Amino acid sequence: MAENDNSKLEALELEQNELRLMIQNGVTFDVDVTHYRRKPGFWGYFRKREKVTEKRVFKIEEPTLNTLDRLSALWLQMEIDETRLQEADNLNAAKKMANKEAKRLAEVVATAVLGEDYYTAIDKGGYFKRTENKQELKRLTSLFLHTIKPSELITLAVLITNVSNLGDFINSIRLMSVTRTSDPTHLIEPQD
């Protein structure tokens, strides 16, 4: 029995080390992008377009708290209405739900890929104004929606959750709330 417990403990330690390594190094994935182009030069305008497929590599790193906040807002918007799926016309309801949630998942992946590059800092003479790069987010969302298969999209969403290090973040909040010495819900009443 002790050997079984030791093997479980070793397997757990290996899994934790692998997760820490993934969080530290991030996750890369590639997408095949197909487009058409003509050969350069004056006579290129009269030639047929040729189909070109390029492989683009993207990296998802551990998000900052701001990126994690944007990801959490997207995750909270996702929902599955079980009552609509159990209706007589459940196939159409499932198709509508898949379309809606696939767009949200593609936006989650795009948000994770962009990270803090979503914001552009503009120097305003002594202070910086941050502007959102919504066009790049929209472009990446569309790219991922059209090039990533649903099974890969789900896998990337799970990897984003792992790389986000939510477990350690929540556990550290739990530890901080336990170590407080006073309860903020009970106010100290003045003595008469």
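None of the values given here were measured: they were computed from a predicted structure.

Undergrad: How should the overall build of the chain be read in this particular structure?
TA: Each helix and strand counted, the chain has seven helices and four strands in total. Its helices and strands taken in sequence order, the chain reads α-β-β-α-α-α-β-β-α-α-α from the N to the C terminus. Of all 192 residues assigned to the chain, the portion counted as buried reaches 24%.

Undergrad: Before we go on, may I ask you to explain the pattern of salt bridges in this structure?
TA: Oppositely charged side chains can form a pair if their charged atoms are brought close together. Overall, the coordinates contain seven salt bridges when judged by the stated rule. Note that Lys 55 is salt-bridged to Asp 32, the shortest N-O span being 3.9 Å. Note that Lys 55 is positioned in strand E2 (residues 50-60) and Asp 32 in strand E1 (residues 27-37), a separation of 23 residues in sequence. Exposure remark for Asp 32: the relative accessible area of 44% places this residue in the partly exposed category. Arg 139 is the salt-bridge partner of Glu 136, the closest N and O atoms lying 2.7 Å from each other. Of this pair, Glu 136 and Arg 139 are both found in helix H5 (residues 134-147), three residues apart, which corresponds to roughly one turn of the helix.

Undergrad: How should I be thinking about the pairing of strand E3 (residues 119-123) in this particular structure?
TA: Side chains on a regular strand alternate between the two faces of the sheet. Bridge analysis of E3 against strand E4 (residues 128-132) gives five bridges, and the strand direction is antiparallel. Paired with Thr 120 across the two strands is Thr 131, which belongs to E4.

Rules and cut-offs
- Residues numbered from 1 in each chain as written.
- Predicted model: local features only at pLDDT ≥ 70, side-chain atom pairs only at ≥ 80, totals over all residues.
- Heavy atoms only, no water.
- Helix = DSSP H or I, 4+ residues; strand = E, 2+ residues; numbered from the N terminus.
- Buried < 20%, exposed > 50% of the residue type's maximum accessible area, 1.4 Å probe, protein only.
- Salt bridge = Lys/Arg side-chain N within 4 Å of Asp/Glu carboxyl O.
- Pairing = 2+ DSSP bridges.

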